[in-house]
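In case you want the letters, here they are:
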Amino acid sequence: MKTTIKELRKEKKLSQEELALAVGTTRQTITSIEVEKYTASLVLAYKIARYFDKKIEDVFDFTDVEEF
Amino acid sequence: MENYKNTIKKRIVIMTVVCLVVVSVYVVNLFHDFGTVNENFSDYIKGFQLGLIIVLVIFMIGLMRKYFIALKNEQSLKKLFFEETDERARMISEKTGGNVIIACALCILIAGIIAGYFNEIIFFTLTGCCLFLLVTRKVLKLYYRGKY
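Everything numeric in this text was worked out from a predicted model, so none of it was measured.

Conventions used here
- Residues numbered from 1 in each chain as written.
- Chains lettered and ligands numbered in written order.
- Predicted model: local features only at pLDDT ≥ 70, side-chain atom pairs only at ≥ 80, totals over all residues.
- Heavy atoms only, no water.
- Contact = heavy atoms within 4.5 Å.
- Buried area = accessible area lost by both parts, 1.4 Å probe.
- Salt bridge = Lys/Arg side-chain N within 4 Å of Asp/Glu carboxyl O.
- Polar contact = N/O pair within 3.5 Å; in protein donor to acceptor, adjacent residues only side chain to side chain.
- Helix = DSSP H or I, 4+ residues; strand = E, 2+ residues; numbered from the N terminus.
- Expected span 1.5 Å × (residues − 1).
- Buried < 20%, exposed > 50% of the residue type's maximum accessible area, 1.4 Å probe, protein only.
- Axes fitted to C-alpha atoms, helices over the stretch in contact; angles between N-to-C directions.
- Parallel < 35°, antiparallel > 145°, perpendicular 65-115°, else oblique.
- Left-handed = near helix turned anticlockwise from the far one by under 90°.
- Nonpolar A, V, L, I, M, F, W, Y, C, P; charged D, E, K, R; others polar.
- Core = buried A, V, L, I, M, F, W, Y, C linked by side-chain atoms within 4.5 Å.
- Arc of directions from axis to C-beta.

As for the interface of chain B and chain A
Next, step 1: Opposite the 11 residues of chain B that make contact, chain A presents 14 residues.
Next, step 2: Overall, the association of chain B and chain A removes approximately 1100 Å² of surface from exposure, summing both partners, and the carbon and sulfur fraction of that is 54%.
Next, step 3: When residues of chain B are sorted by the area they lose upon contact with chain A, B:Phe82, B:Glu87 and B:Arg88 head the list and together hold 49% of the total.
Next, step 4: Taken together, the connections running from chain B to chain A amount to 1 salt bridge.
Next, step 5: Across the pair B:Lys79 and A:Glu17 runs a salt bridge, and its minimum N-O distance is 3.5 Å.
Next, step 6: On inspection of chain B and its partner chain A, the count reaches 8 residue pairs in polar contact (both at pLDDT 80 or more).
Next, step 7: Put simply, the parts of the chain that give the side of chain B that touches chain A at least two residues each are helix H3 (74-85), helix H4 (87-95) and helix H6 (120-147) of chain B.
Next, step 8: Top element by residues in the side of chain B that touches chain A is H3(B). It accounts for 4 residues.

Some points on the environment of A:Thr4
All names here are of chain A.
Next, step 1: Among the structural elements, Thr4 can be located in the segment before helix H1 (5-11).
Next, step 2: Distance from Thr4 to Tyr38, taken between C-alpha atoms, is 14 Å for residues 34 residues apart in sequence.
Next, step 3: Excluding residues that lie within four positions of it along the chain, Thr4 makes contacts with Asp58 and Val59.
Next, step 4: Polar contacts involving the side chain of Thr4 include one to the main-chain carbonyl oxygen of Asp58, which spans 3.2 Å.

With respect to helix H1 (residues 2-31) of chain B
Next, step 1: Here H1(B) contains 30 residues, and its C-alpha end-to-end distance of 44 Å stays within 8% of the 44 Å for a straight helix at 1.5 Å per residue.
Next, step 2: Buried residues of H1(B): B:Tyr4, B:Lys5, B:Ile8, B:Ile12, B:Met15, B:Cys19, B:Val22, B:Tyr26 and B:Asn29, and no others.

Things to note about the packing of H4(B) against H6(B)
All names here are of chain B.
Next, step 1: At their nearest, the axes of H4 and H6 sit 9 Å apart, and the two run at 140° to each other. Considered as vectors, H4 and H6 are oriented oblique to each other. Crossing hand, H4 versus H6: right-handed. Touching Arg88, Ile92, Ser93 and Lys95 of H4 are Arg137, Lys141, Tyr144 and Arg145, all from H6.
Next, step 2: Grouping the constituent residues of the contact of H4 with H6 by class yields 2 nonpolar, 1 polar and 5 charged.

Brief notes about the nonpolar core
Next, step 1: Formed by 21 residues in total, the largest nonpolar core has its most connected members in A:Ile5, A:Leu19, A:Ile33, A:Ile48, A:Phe52, A:Val59 and A:Phe60.
Next, step 2: Where this core is concerned, the elements lending two or more residues are H1, helix H2 (16-23), helix H3 (27-34), helix H4 (42-51) and helix H5 (56-59) of chain A.
Next, step 3: No other element matches the 4 residues that H4(A) contributes to this core.
Next, step 4: Setting aside chain neighbours within four positions, we find A:Ile5 in contact with A:Leu19, A:Ile33, A:Glu34, A:Ile48, A:Phe52, A:Val59 and A:Phe60.
Next, step 5: B:Cys19, B:Val57, B:Met64 and B:Tyr67 belong to the second-largest nonpolar core, a separate cluster that totals 15 residues.

Description of H4(B)
Next, step 1: When H4(B) is considered as a whole, its buried residues turn out to be B:Arg88, B:Ile92 and B:Ser93. Projection of H4(B) onto a plane perpendicular to its axis shows the buried side chains occupying an angular sector of 135°, all on one side.
Next, step 2: Of the surrounding elements, those touching the buried residues of H4(B) are H3 of chain A together with helix H5 (98-115) and H6 of chain B.
Next, step 3: Once H4(B) finishes, B:Gly97 follows within two positions and takes phi at roughly 100°, a positive value.

Next comes the structure, spelled out in structure tokens:
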């Protein structure tokens, strides 16, 4: 799933490690989400979106899901 | 986080007890001959057990060191907690058999060591089986870490 995490992170000048600690996960998970290998759970997606003060759909691209 | 701190303290106590028990059992075993079918094989079994105990104790000491550092530093504790509760790591662990494989491998290994006192073929078969389980799990973990 496409996300805007990388861009949002760069805007805030945050490292993957810092974001991971802020949302309660590991750096590897953030990397996997950013490179679209892993799809975050609803809880993690919510935490990430809330951390950036955005809605989930602003951070995660649901276009593929909406097609079904 | 306070609950997790208590969990870590309990783990340290359990690991210390396990280390002491394992070393004590080995020392008792050294001075007491339980009798085996093959005298040459007896040395092999003792060597295997010593190697296993050394690896186990080193592994546990390494883990305990990690836990002690986490207990002293709040940031390390948080990081360790997130590592253990990470959803991706949990998913990969579940896909590779979770704790069931580890429990099975451990039971097979213990059975193999006990069987070693009576029959060397059973010992080699069970130890090989345990090794196969652990290697398969590790390979699958590496594969899924690359995939997800």
